[in-house]
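Listed below are the residues making up each chain.
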Amino acid sequence: MKDLKKQDLFCSRCYINGEWIDADNKSTVDVSNPGSGEYIGNVPDCGAEETKRAIDGAYAAWGPWKALTPKERGAYLLKWYDLIEENKHDLARILTIEQGKPLAEALGEVSIGASYIPWFAEEGKRAYGQVIPSSRAGIRPITQKAPVGVVFAITPWNFPTSLITRKIAPALAAGCPIIVKAALDTPFSALALAKLAEEAGIPKGIISVITGDAVPITKEVCQNSKVRKISFTGSTRVGKIIMEQASSTMKRLSLELGGNAPFIVFDDADLDLTIKCAIASKFRNAGQTCICANRFLIQKGIYDKFLAAFSAQFDALKVGYGLDSTSIIGPMINNTAIEKVERLLADAVKKGAKILIGGKRHSLGGLYFEPTLITGITREMNIFHEEIFGPVAAIMAFDSDEEAIELANDTHVGLASYMMTTSLGRSWRVSEALDYGMVGVNDAALAMSEVPFGGIKESGMGREGGQEGLLDYMVTHYILMGGI
């Protein structure tokens, strides 16, 4: 890959048990730049055998790793963090070329992703146990937190850096080795992180990165009793499959699955702040985020003002190649993603919705799609119920607080939600009534290292970030001390 200051960050082999390997059968998978369509390189198409070796290596490395003190494990993490910061511009460039998002946005992702590492390096020191008061004399019941064991992480293509670091950092801090299955659309960001982990001196087997067909790899993981936890970010459909397959060995699961985020705007909202949050939430990564606004629910008293102010921002949303510094919205990841957006728009228009702006593939061609504004959304439309995952803002009106809550909660998923209001009382009442794992009130930037990120209902289980993110990689040991 050209223009990298540190050329060896571009790795095209898997990193397993401290070694850079090809697939046993030498087969590879080609990777293309979604912004230009150009060939980037290829990565190994690994399968069950390579996965088993990675698991065996991680299991062997687990004992010495968990025997280290939290401070010692944290020191390794901090060395890794320093190298990521030192090479963040190269990492951002790799990310943009393989994923498509604008370079400034990619740099932001690298920085946010890196922030999880020092936070968990410190939080690992605070995995406290308890001495529990007992009703019997002469005993002391105590609890301790211990690492769950070998972890297997499956990461998606939309955030190929930050969704890896926020899984690896708590796993290592807790005392667990981890194997990462990188998305085949965006494998090079994961392999670059592995390269820096190697340079940080993290012992072999503690971090491995594998690429290849998800079916044989996941099958081996789910059946292998040495893997004690799976962390998956992706679709609800695939999450359910993993949950079913992993039940045979009773693995712990962290599943961060699909969303259908409502963005509720009340009559008393600060309009300037609302528009700023709406644009950021909807169009970041071309709308390809699990927490982006999916349904804009606008109270009728502010509807016309919101629509006028919101639509006025669309001209500034320049679509273009991610390495062009003027680009705001990059390409979508592949043609399948564009076809889904087109299907949802066609269904909505057929049922009475109106496209005000955009609505078609961009004149740039390739995988670019116009920022789109569509109004008149109803429950009968698929776009109300399905995750759009594209640069489409779907607008509908409501009358009362109760109607907004009912519309927002009318979905089988429950990841993120947003509301804009200047009323303190309404902020509490509505946020507590929203059936979601996360609620943004007058703010749309939910992800931070110190907070628990995750959903409820069919959006999954477990949390990433915060104290909960560490404890998801740990188990509780109860010890009864008698004869005292």
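Procedures and definitions
Residues numbered from 1 in each chain as written. Predicted model: local features only at pLDDT ≥ 70, side-chain atom pairs only at ≥ 80, totals over all residues. Heavy atoms only, no water. 1 Å grid on protein atoms, 1.4 Å probe; cavity = no way out; pocket = protein on both sides within 12 Å on 5 of 7 lines; lining within 4 Å. Points joined across faces, edges and corners; volume = space filled by probe spheres on them. Helix = DSSP H or I, 4+ residues; strand = E, 2+ residues; numbered from the N terminus. Nonpolar A, V, L, I, M, F, W, Y, C, P; charged D, E, K, R; others polar. Salt bridge = Lys/Arg side-chain N within 4 Å of Asp/Glu carboxyl O. Buried < 20%, exposed > 50% of the residue type's maximum accessible area, 1.4 Å probe, protein only. Pairing = 2+ DSSP bridges. Axes fitted to C-alpha atoms, helices over the stretch in contact; angles between N-to-C directions. Contact = heavy atoms within 4.5 Å. Core = buried A, V, L, I, M, F, W, Y, C linked by side-chain atoms within 4.5 Å. Parallel < 35°, antiparallel > 145°, perpendicular 65-115°, else oblique. Left-handed = near helix turned anticlockwise from the far one by under 90°.

### Quick notes on empty space enclosed by the protein
Applying the stated criterion across every chain yields a total of 2 cavities of 30 Å³ or more. Its boundaries defined by the atoms lining it, the largest cavity holds a volume of some 50 Å³. Taken together, Phe232, Ser254, Leu255, Glu256, Phe453, Gly454, Met461, Gly462, Arg463 and Glu464 make up the lining of the largest cavity. The element contributing the most residues to the lining of the largest cavity is strand β11 (residues 252-256), with 3 residues. When grouped by side-chain class, the residues that make up the lining of the largest cavity number 4 nonpolar, 3 polar and 3 charged. Quantified by volume, the second largest cavity comes out at close to 40 Å³. Lining the second largest cavity are Gly259, Asn260, Ala261, Gly287, Thr289, Cys290, Ile291, Cys292, Asn294, Glu387, Ile388 and Phe389.

### So, the pattern of salt bridges
This model, assessed by the stated rule, comprises 28 salt bridges. Across the pair lysine 300 and aspartate 399 runs a salt bridge whose closest N-O atoms are separated by 3.3 Å. Taken as a pair, lysine 300 in the loop between β13 (293-299) and α10 (303-311) and aspartate 399 in the loop between β16 (392-398) and α13 (401-408) lie far apart in primary sequence, 99 residues in all. Note on aspartate 399: relative accessible area 46%, which makes it partly exposed. When the shortest N-O distance is used, the salt bridge between lysine 351 and aspartate 347 registers 2.9 Å. Aspartate 347 sits in the buried class, given a relative accessible area of 13%. Sharing partners across several salt bridges, the network here consists of Arg166, Lys167, Glu256 and Glu464.

### What to know about the sheet that holds strand β5 (residues 130-131)
Spatially, 3 strands are ordered β5-β6-β22 in an open sheet, and the strand pairing comes out antiparallel. The open sheet terminates on both sides in strands that have one partner only, identified here as β5 and β22 (474-481). Sheet analysis places β5 next to strand β6 (residues 140-147), joined by 2 bridges and oriented antiparallel. Within β6, the position partnered with valine 131 by the bridge is isoleucine 142.

### Let's talk about the sheet that holds β16
Ordered in space as β14-β15-β16-β13-β12-β18-β19, the 7 strands form an open sheet in which the pairing is mixed. Strands at the two margins of the open sheet, each flanked by one partner only, are β14 (354-357) and β19 (438-441). For this sheet, the mean inter-axis angle between neighbouring strands, taken without regard to orientation, is 25°. When strand β15 (residues 372-375) meets β16, the two strands line up parallel, connected through 3 bridges. Each bridged residue has a counterpart across the sheet, and for leucine 373 the counterpart in β16 is alanine 393. Along the sheet, helix α11 (residues 335-350) contacts β14, β15 and β16; its crossing angle with β15, the most-contacted strand, is approximately 30°.

### Description of the layout of surface pockets
Taken as a whole, the largest pocket holds about 1300 Å³ of empty space. Around the largest pocket, the lining is made up of 44 residues, and of these Trp157, Gly234, Ser235, Arg237 and Val238 lie nearest the centre. Those elements that provide at least two residues to the lining of the largest pocket are α7 (214-223), β10 (227-233), α8 (236-246) and α11. The greatest single-element share of the lining of the largest pocket, amounting to 6 residues, is contributed by α8. Looking at the lining of the largest pocket, its residues break down into 20 nonpolar, 15 polar and 9 charged. Estimated volume of the second largest pocket: approximately 560 Å³. Lining the second largest pocket are 27 residues, with Ile112, Arg284, Ala445, Leu446 and Ala447 positioned closest to its centre. Contributing elements (two or more residues each) for the lining of the second largest pocket: α4 (103-123), α5 (162-174) and α9 (271-283). By residue number, the principal contributor to the lining of the second largest pocket is α4, which donates 6 residues. Classifying every residue of the lining of the second largest pocket by side-chain character gives 16 nonpolar, 4 polar and 7 charged.

### Brief notes about the nonpolar core
Ranked by size, the top nonpolar core spans 58 residues in total, and within it Trp80, Ile84, Leu172 and Ile178 carry the most contacts. Sorting elements by how many residues they give to this core places helix α6 (residues 187-199) first, with 8 residues. Apart from residues no more than four positions distant in its own chain, leucine 172 is found in contact with Trp65, Arg73, Leu77, Ile178, Ile202, Ile206 and Ile207. The next biggest cluster of nonpolar side chains, apart from the first, holds 36 residues, and it includes Ile302, Tyr303, Leu307 and Ile395.

### Some remarks on the packing of helix α1 (residues 48-67) against α7
Contact pair α1 / α7: the axes reach a minimum separation of 8 Å and the direction vectors enclose 40°. The angle between α1 and α7 falls in the class oblique. For α1 against α7, the interelement crossing comes out right-handed. Between α1 and α7, the contacting residues are Ala48, Thr51, Lys52 and Ile55 on the first element and Pro216, Ile217, Glu220 and Val221 on the second.

### Here's the deal with unusual backbone geometry
At phenylalanine 389, a position not held by glycine, the phi torsion is positive, near 55°. Of note, phenylalanine 389 is situated in the loop between α12 (382-385) and β16. Positioned with a positive phi, asparagine 442 is a non-glycine residue whose angle comes to about 60°.

Don't take any of this as a statement about function, it's just geometry.
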